[in-house]
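Residue strings, one per chain:
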Amino acid sequence: MRLLRVACNAALLALLTCAVIAEDFGYGGREGPAHWGESFKRCSGKHQSPINIDALQVVPRRFREFQIHGLERVPRDIKLTNNGHTVLVNMYYNDNMEPHMSNGPLRSDAVHVFEQFHFHWGINDSMGSEDTINNRAYPAELHVVIRSMEYTNFSQALGQDHGIAVFAFFFKITQADNPNYVEFTKKLQFIKRKGESVDLDTPISLGSFISTDVQHYYSYVGSLTTPPCSEAVVWVDFEKPIEISEFQLQFFRQLTASDEHLRNNFRPTQPLNNRTVFRNIPPEPPKPNESENAAGQIARLGIGGLLGLSLLTALELKGRFLVAFN
Ligand SMILES: [Zn+2]
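Figured I'd write up the structure that's included with this text.

Let's shift gears to the overall build of the protein chain. Helix and strand counts for the protein chain come out as 6 helices and 16 strands. The long-range fraction of contacts in the protein chain, counting pairs at least 24 apart against all pairs at least 6 apart in sequence, stands at 73%.

Printed below as a string of structure tokens:
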């Protein structure tokens, strides 16, 4: 009887160990990206991320302008967690005030809501980003993960087509510190080990962490870059990098995971296969002459004329809209 119980416990222990191994992943050796597909089938899919973006092969397309609300809102709390794979950043907002995004290359009938952001970085400045541009990597990359509001939570959206999108921002090294990352990078000293978390003393907006030029970007459909590597993820790679100093980036490189330095937490680029990468054509800025002429006409025409002019302008805009999107 006792022998049987010991055997059962041993079997249970073996099962538990298997489960832990199956759910974990890393960036080197037996747990590295080359082996992810053994435990996570979708990591062997045909439409995976990251990719190399060849600027000569991209297809220009004028997407609808992004509608992004709430980038300036300051959350009540920002929590940084070393989860052994990255610095995961959760922002807690009052009264459902999370930032919302729609349009651009996102599916036209779906509003997306901010979920979290996190980072990928290298051991030195020659590597770190996941997507590369013309085979060139940036020293780090920030991923803002957003979820279609058709799905009530992240895990539900994960397995669905177009349930998840990622806004990706590259980093470039500058001499001066980025003032918006001063407290953030200092706090990384308190989460050097896997499983540790820390709150920022002074929460700041999501917009403070990213670059705000949302008109120049590449877009393609890929996957999560970590297991379970779910596909049908809309990627938006913004061209304008975030600035960060070498001093600030060093704080990321000092983090550890399972007693080893957490560095080079990027997946190698995956085959593009039959996918198209688009480059957004930003809207043309209004010509100064046009607005001056309009102002002059309004002054001359008075209120009655103004109504007529509004109608004409609306028709003209509608015409432009049709030209742009057909
Ligand atoms: Zn990521």
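From this point, things continue past the structure.
Consecutive side chains along a regular strand alternate between the two faces of the sheet. Of all 9 residues making up strand E9 (residues 140–148), 8 are buried, and the element is well covered by its neighbours. In this sheet, E9 lies alongside strand E7 (residues 112–121) in antiparallel orientation, the contact comprising 9 bridges. Note that in E9 the partner of Phe 119 across the bridge is Leu 142. Where E9 meets strand E10 (residues 164–174), 7 bridges bridge the pair, whose relative direction is antiparallel. Bridging from a neighbouring strand, Val 144 pairs with Phe 167 of E10.

The next point concerns helix H5 (residues 246–253). Gln 248, Leu 249 and Phe 252 are the residues of H5 that are buried. End-on view of H5: buried residues confined to an arc of 95°, all on one side of the axis. Among the exposed residues of H5, those pointing more than 90 degrees away from its buried face are Phe 247 and Gln 250. Tucked into the core, H5 has its buried residues touching strand E5 (87–92), E7, E9, helix H4 (182–187) and strand E13 (231–245).

Okay, the nonpolar core next. In terms of nonpolar packing, the biggest core is built from 56 residues, with Leu 142, Val 144, Ala 165, Phe 167, Phe 169, Val 236 and Phe 252 touching the most fellow members. Counting only elements with at least two residues in this core, the list comes to E5, E7, E9, E10, strand E12 (217–223), E13 and H5. Residue contributions to this core peak at 8 residues, all from E10. Look past the residues within four positions of Leu 142 in its chain and what remains in contact with it is Phe 117, Phe 119, Phe 169, Phe 209, Ile 210 and Ile 242.

This part covers the pairing of E7. Most of E7 sits out of view: 7 of its 10 residues are buried. As judged from the 2 bridges shared by E5 and E7, these two strands associate in the antiparallel manner. Across the sheet, the residue bridging to Leu 88 is His 118, located in E7. When strand E6 (residues 100–102) meets E7, the two strands line up antiparallel, connected through 2 bridges. When the sheet's bridge partners are listed, His 100 is paired in E7 with Val 113.

Below, the discussion takes up the environment of Gly 28. Summarising the element assignment, Gly 28 is placed in the loop between helix H1 (2–23) and helix H2 (36–39). A sequence separation of 237 residues divides Gly 28 from Asn 265, and the C-alpha atoms of the two residues are 9.1 Å apart.

Right, let's talk about unusual backbone geometry for a bit. The omega torsion of the bond from Ser 49 to Pro 50 falls at 0°, within 30 degrees of zero and hence cis. Within the fold, Pro 50 resides in the loop between H2 and strand E1 (52–53). Its identity is not glycine, yet Asn 134 carries a phi of approximately 50°, on the positive side. Note on placement: Asn 134 falls in the loop between strand E8 (132–133) and E9. Judged by the 9 C-beta atoms lying within 10 Å of it, Asn 134 is exposed. The backbone of Asn 273 sits at a positive phi, close to 55°, despite the residue not being glycine. By the element assignment, Asn 273 lies in the loop between strand E15 (260–261) and strand E16 (278–280).

Analysis parameters
Residues numbered from 1 in each chain as written. Predicted model: local features only at pLDDT ≥ 70, side-chain atom pairs only at ≥ 80, totals over all residues. Helix = DSSP H or I, 4+ residues; strand = E, 2+ residues; numbered from the N terminus. Contact = placed C-beta atoms within 7 Å. Buried ≥ 20, exposed ≤ 12 C-beta atoms within 10 Å, placed from the backbone. Pairing = 2+ DSSP bridges. Arc of directions from axis to C-beta. Core = buried A, V, L, I, M, F, W, Y, C linked by C-beta atoms within 7 Å.

None of the figures reported here should be taken as evidence of function without further support.
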